[in-house]
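Notes for the structure review
Here is how the chains run, residue by residue.
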Amino acid sequence: MRITRENARFQQWEALLTNRSKRHRNREFLVQGVRPITRAVEEGWTVRALLRADGTTSTWADDLWASDEGERVVVSPDLHARLSGKEDGAELVAVVEMPEDGVERLSDSSRPYGPIVVFDRPTSPGNIGTLARSADAFGASALVVTGHAADPYDPQAVRASTGSLFALTVLRVPGPGPVVEWAQAHGYRIIGTDEEGSALADVDLSGRVVLVVGNETHGLSSGWRAVCDDVASISMVGSASSLNAAVAGSIILHEALRQRG
């Protein structure tokens, strides 16, 4: 297929950049950049379409274009730039299928022994992507976003993860209930994070754990706080009153990795 001017199909793809409802209604999202697209393919996510700027070429783009990953669409450079976010036109943009959100998918993770990270009501897509990157780096098995929150499939989140989003089982869940039931049924302890918790080094993060990171402004919701088996705090000095939520989550994940040896 070749698209040289704006049409309904192009408008549908462009809407995926900003319209969360359309992303989730169509169960697809855009992935921009070499590393994120490569990770999506390597991790087995379903690519519905590859969109290529007319006249561009590279070994990476040529090899992926020649594979069996989804429909092929050549797009005029100006339209492709609108989808890729780059005026000079990134080589490819991928339309990737969004997986289902059921908690039963937590049992199918490719990293069954890593901690499960819950991000409770995050407001920043960038923070979701940053925490996904740390979760991947420190061996987590899943990233669960709960409550009224930013979208893990927002382009900002996907870019901030630098492809790590695709190494994890990713879920969106309305509230704690389904995750808590699954965790208790599978022998997981739930560890929250709060400035009034026990010292991080004194909290057992080994074994099967769900690590809950609270909202950037308000911390843990009362629902999550009520089900925590323990709450950990990060010691700080200096004038800062708090840490960025994704940074705090990254520190806890690193400590969990250290304790697991």
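To be clear, the structure that these remarks concern was listed above.
Read on for an overview of the structure. (Residues numbered from 1 in each chain as written. Predicted model: local features only at pLDDT ≥ 70, side-chain atom pairs only at ≥ 80, totals over all residues. Heavy atoms only, no water.)

Quick word on the sheet that holds strand β1 (residues 2–3)
Backbone hydrogen bonds hold the strands of a sheet together, and the pairing may be parallel or antiparallel. In space, the five strands of this open sheet follow the order β1-β4-β3-β5-β2, with mixed pairing throughout. In the strand order of this sheet, the two ends are held by β1 and β2 (28–32), each with one partner. Note: β1 against strand β4 (residues 71–75), two bridges, orientation parallel. Across the sheet, residue I3 finds its bridge partner in β4, namely V75. Where helix α1 (residues 8–15) meets the sheet, it contacts β1, β2, β3 (47–53), β4 and β5 (92–97), and its direction lies at approximately 80 degrees from that of β2. (Pairing = 2+ DSSP bridges. Helix = DSSP H or I, 4+ residues; strand = E, 2+ residues; numbered from the N terminus. Contact = heavy atoms within 4.5 Å. Axes fitted to C-alpha atoms, helices over the stretch in contact; angles between N-to-C directions.)

Details of the pairing of strand β9 (residues 189–199)
As defined by bridge partners, β9 adjoins strand β10 (residues 209–213) across four bridges and the pair is classed as parallel. Residue pairing across strands places G192 opposite V212, the latter belonging to β10. Taken together, the five bridges between β9 and strand β11 (residues 230–233) define a ladder with parallel strand orientation. Opposite I191, over in β11, you have D230 as the bridge partner.

Here we look at the pattern of salt bridges
Enumeration over the complete set of coordinates arrives at 17 salt bridges. Two residues, R52 and D62, come together in a salt bridge whose shortest N-O distance is 2.4 Å. Taken together, the residues R52 in strand β3 and D62 in helix α4 (residues 59–65) connect sequence positions 10 residues apart. Across the pair R172 and D101 runs a salt bridge, and its minimum N-O distance is 2.9 Å. Taken as a pair, R172 in strand β8 (residues 169–173) and D101 in the loop between β5 and β6 (116–120) lie far apart in primary sequence, 71 residues in all. Taking the relative accessible area as the measure of exposure, D101 reaches 16% and is therefore buried. Each of E6, E14 and R82 takes part in one network of salt bridges that share partners. (Salt bridge = Lys/Arg side-chain N within 4 Å of Asp/Glu carboxyl O. Buried < 20%, exposed > 50% of the residue type's maximum accessible area, 1.4 Å probe, protein only.)

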